[in-house]
Amino acid sequence: MSPQEAPSESTSEVTDRWPDPGSLLIENGCVVTVDDSHTVHDRGWVLIDQGRIVGVGPGEAPASARSAGKVVDAAGMAVMPGLVNAHTHLFQSFLRGLADDKPLLEWLEAAIWPVAKELTGPEARAASRLGLIENLRSGVTSVIDHQYVHTDTAIDDAVCESALETGLRFVLARGWADMDYHPEFMEDADRVLAEGERLRRRWQGAGEGRISVELAPLIPWGCSDEAVRRTVARTREWGVGTHIHVNETREEVQMNLDTRGNRPIEWLESIGALGPDLQLVHSVWLSDHELDLIAENGGVVVHCPVSNMYLASGVARVPEMLERGIPVALATDGPGSNNSQDMFETLKVTALLQKVHHLDAMAMLPATVLDMACRGGATAMGLPDDLGVLEPGRIADVILVGLESPFAAPVHRVESALVYNCGARDVDTVIVGGRVLMHRGEILCCDEAEAVAEAQDVCTGLFHRAGVATHLPDRMKSPRTQPPRR
Ligand SMILES: [Zn+2]
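Residues numbered from 1 in each chain as written. Predicted model: local features only at pLDDT ≥ 70, side-chain atom pairs only at ≥ 80, totals over all residues. Heavy atoms only, no water.

Some remarks on the overall build of the protein
1) Next: Summing up its helical and strand segments, the protein has 15 helices and 17 strands in all.
2) Next: Computed over the C-alpha atoms, the radius of gyration of the protein is 22 Å, within 12% of the 23 Å expected from 2.2 N^0.38 for a compact globule of 486 residues.
3) Next: When its C-alpha atoms are laid out on the principal axes, the protein stretches across 65 × 55 × 45 Å.
4) Next: Scored against the burial criterion, the 486 residues of the protein give a buried share of 61%.
5) Next: Taking contacts inside the protein between residues at least 6 apart in sequence as the whole, the part at least 24 apart equals 74%.
6) Next: Across the protein, the mean location of the 42 positive side-chain charges is 3 Å away from that of the 71 negative side-chain charges. (Helix = DSSP H or I, 4+ residues; strand = E, 2+ residues; numbered from the N terminus. Rg over C-alpha atoms; globule rule 2.2 N^0.38 Å. Buried < 20%, exposed > 50% of the residue type's maximum accessible area, 1.4 Å probe, protein only. Contact = heavy atoms within 4.5 Å. Lys, Arg positive; Asp, Glu negative; His and termini not counted. Charge placed at Lys NZ, Arg CZ, Asp CG, Glu CD.)

Written out as structure tokens, the structure reads:
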């Protein structure tokens, strides 16, 4: 069902599958605003109208707010801005667990490339739908998908179709590589720009403004200077960002030193690419000079701690980034190097990794982690003034998280509970642009059971064609060996 076709709702509690963005009052919750002062209203309310937040306050909601079309009781829950998963690869939803325990370059060869070569549009749609539902269940309202499989142009469209269907806020960061990469995935700059223009015409602003398209050089060692210059110039004309994996491993930094004579951030600065619109994914192995260059020129670091641990890449210098005023967003990375899209897990790991690395229990505090997940994410989305904080005027991307489950209770400090106690299992309600996509733990925007079954079915056929061995129990094997046709 498209948003435009949805029936309007007149009852006080949310019951229909895709409610219109009328007025909605959330009351009796613990409101974690994530504002500059980290204001928390132990009991408070949030009023939404026409997709925007129009009121936030402590105590009882004012009488005028009680005439809202819908009222959601958030007693026993935190009410907070939706989390931003600022970097993933949704097509990898089929690849989790496939090549565990390998470093980055071996992992690409063993798992990612063989399956990616065979991927079709319908398969990408099934994988991305599953991945978006998983994001939604973990309290994510915005996703940046670094989509770099272009053996079939239908794949990009299929991923955007999933975003349109599920209703999340979504950036398609259209990946590319033009040198020294797997031959079947390389494209020249002319093709990247032509495809980018086509995708932009079809998808920019779709879903009532929820979907955006930007370009995304995959890695410095796979992208020529000239192609990066041209594509960054084009995204700046479009007024959107550019997304790139950078300084993920020591080996990749050394490759840039060997081939270009400088470190990756120095290279980006030297070709005019470094700027506030650049999303620097990973940024694990940064020198002091590179940190200074980002602070001076702008750029958002997208920190993926679970992936960095999973692939044994290293520990990013997050406290030093924050000290220099560099915006930092958080992300899961693709399911191939995380096995999950659980942003609550990422919140906890973000804090724990810095603590153990610095042998300092104060190295990363919960309020800072929430700041990165919400406000840093808003900056990565290119919407620093519209997302990330519960305050009047901002877009109504809001989640409710249960604080009274056996996993979370008792709660002494709510920000601490959100980072250390809570998990995706505690996410009760997800609202994007005033629309309720999940409520009381039920996905309202699509058929979740059907999406999981389709993903399982499609995935086994894809792996069979790709010649990738799995160890599925017989009852989960699909007879299908041909790609599905719609
Ligand atoms: Zn990645």
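Examining helix H6 (residues 225-238)
1) Next: Taking 1.5 Å as the rise per residue, H6 with 14 residues should run 20 Å; its terminal C-alpha atoms sit 20 Å apart, in good agreement.
2) Next: Along H6, the residues that are buried comprise Ala-227, Val-228, Thr-231, Val-232, Thr-235 and Trp-238. In an axial view of H6, the angular spread of the buried residues amounts to 125 degrees, which keeps them on one side of the axis.
3) Next: As for H6, its buried residues are in contact with strand E8 (169-176), helix H4 (189-203), strand E9 (211-217), strand E10 (242-246) and helix H8 (264-270).
4) Next: Directly beyond the C-terminal end of H6, a positive phi value near 80 degrees is found at Gly-239. (Expected span 1.5 Å × (residues − 1). Arc of directions from axis to C-beta.)

Focus on the packing of helix H2 (residues 121-137) against helix H15 (residues 448-466)
For any two helices packed against each other, the geometry is given by the interaxial angle and the distance between the axes.
1) Next: At a minimum axis separation of 9 Å, H2 and H15 run at an interaxial angle of 135 degrees. The angle between the axes of H2 and H15 places the two elements in the oblique class. Note on packing geometry: the crossing formed by H2 with H15 is left-handed. Between H2, through Glu-123, Arg-125, Ala-126, Arg-129, Leu-130, Ile-133 and Arg-137, and H15, the contact on the second element is made entirely by Glu-448, Glu-450, Ala-451, Val-452, Glu-454, Ala-455, Val-458, Leu-462 and Arg-465.
2) Next: For the contact of H2 with H15, the per-class residue count stands at eight nonpolar, no polar and eight charged. (Axes fitted to C-alpha atoms, helices over the stretch in contact; angles between N-to-C directions. Parallel < 35°, antiparallel > 145°, perpendicular 65-115°, else oblique. Left-handed = near helix turned anticlockwise from the far one by under 90°. Nonpolar A, V, L, I, M, F, W, Y, C, P; charged D, E, K, R; others polar.)

A closer look at the coordination of the zinc ion
1) Next: Protein coordination at the zinc ion comes from His-87 (NE2), His-89 (NE2), His-245 (NE2) and Asp-333 (OD), with a distance range of 2.1 to 2.3 Å.
2) Next: Around the zinc ion sit four donor atoms, and with donor-metal-donor angles ranging over 88 to 169 degrees the site reads as irregular.
3) Next: Positions of the donor residues of the zinc ion along the chain correspond to the pattern H-x1-H-x155-H-x87-D. Within this pair, whereas His-87 is found in strand E6 (residues 83-88), its partner Asp-333 is found in the loop between strand E13 (328-330) and helix H12 (343-358), the two being separated by 246 residues in sequence. Residues His-87 and Asp-333 agree in their burial class; the two are buried. (Donors = N, O, S within 2.8 Å, 3.2 Å for Na, K, Ca; no water. Tetrahedral: all angles 85-135°; square planar, octahedral: opposite > 155°, others 65-115°.)

Structural notes on the domain arrangement of the protein
1) Next: On domain assignment, one finds that the protein holds domain 1 (3-80 + 397-443) and domain 2 (83-380).
2) Next: With centres defined by C-alpha atoms, the gap from domain 1 to domain 2 works out at 29 Å.
3) Next: Every contact between the two is made by 32 residues of domain 1 and, on the other side, 32 residues of domain 2.
4) Next: A buried area of about 2,400 Å², summed over both sides, lies between domain 1 and domain 2, and 65% of it is on carbon and sulfur atoms.
5) Next: When the buried area of domain 1 at its contact with domain 2 is split by residue, Val-34, Val-419 and Tyr-420 rank highest and sum to 25% of it. (Domains from an automatic or database assignment. Buried area = accessible area lost by both parts, 1.4 Å probe.)

Points about the side chain of His-146
1) Next: As for its placement among the helices and strands, His-146 is situated in strand E7 (residues 140-147).
2) Next: By relative accessible area, which is 0% here, His-146 ends up buried.
3) Next: In this structure the side chain of His-146 is engaged in a polar contact, spanning 3.3 Å, whose partner is the backbone oxygen of Ala-216.
4) Next: When sequence neighbours within four positions are dropped, the list of residues in contact with His-146 reads His-87, Thr-88, His-89, Ala-173, Gly-175, Ala-216, Pro-217, Leu-218, His-243, Ile-244 and His-245. (Polar contact = N/O pair within 3.5 Å; in protein donor to acceptor, adjacent residues only side chain to side chain.)

Remarks on the layout of surface pockets
1) Next: Within this model, the second largest pocket holds a volume of roughly 370 Å³.
2) Next: Contributing to the lining of the second largest pocket are 23 residues, with Ser-212, Gly-239, Met-381, Gly-382 and Leu-383 lying nearest its centre.
3) Next: Of all the secondary structure elements, the ones that give two or more residues to the lining of the second largest pocket are E8, E9 and helix H13 (366-380). (1 Å grid on protein atoms, 1.4 Å probe; cavity = no way out; pocket = protein on both sides within 12 Å on 5 of 7 lines; lining within 4 Å. Points joined across faces, edges and corners; volume = space filled by probe spheres on them.)

Overview of the environment of Glu-290
1) Next: Mapping Glu-290 onto the fold places it in helix H9 (residues 288-297).
2) Next: If sequence neighbours within four positions are ignored, Glu-290 has contacts with Asn-247, Arg-263, Pro-264, Ile-265, Glu-266 and Trp-285.

Describing unusual backbone geometry
1) Next: Residue Pro-410 follows Ala-409 across a cis peptide bond; omega there is -5 degrees.
2) Next: As for its placement among the helices and strands, Pro-410 is situated in the loop between strand E14 (398-402) and helix H14 (414-421).
3) Next: Within the chain, His-38 stands out as a residue other than glycine whose phi angle is a positive 55 degrees.
4) Next: Mapped onto the elements of the fold, His-38 is located in the loop between strand E1 (24-32) and strand E2 (40-49).
5) Next: In this structure, Asn-339 is a non-glycine residue whose phi angle is positive, near 75 degrees.
6) Next: Inspection of the secondary structure assignment puts Asn-339 in the loop between E13 and H12.
7) Next: By relative accessible area, which is 26% here, Asn-339 ends up partly exposed.

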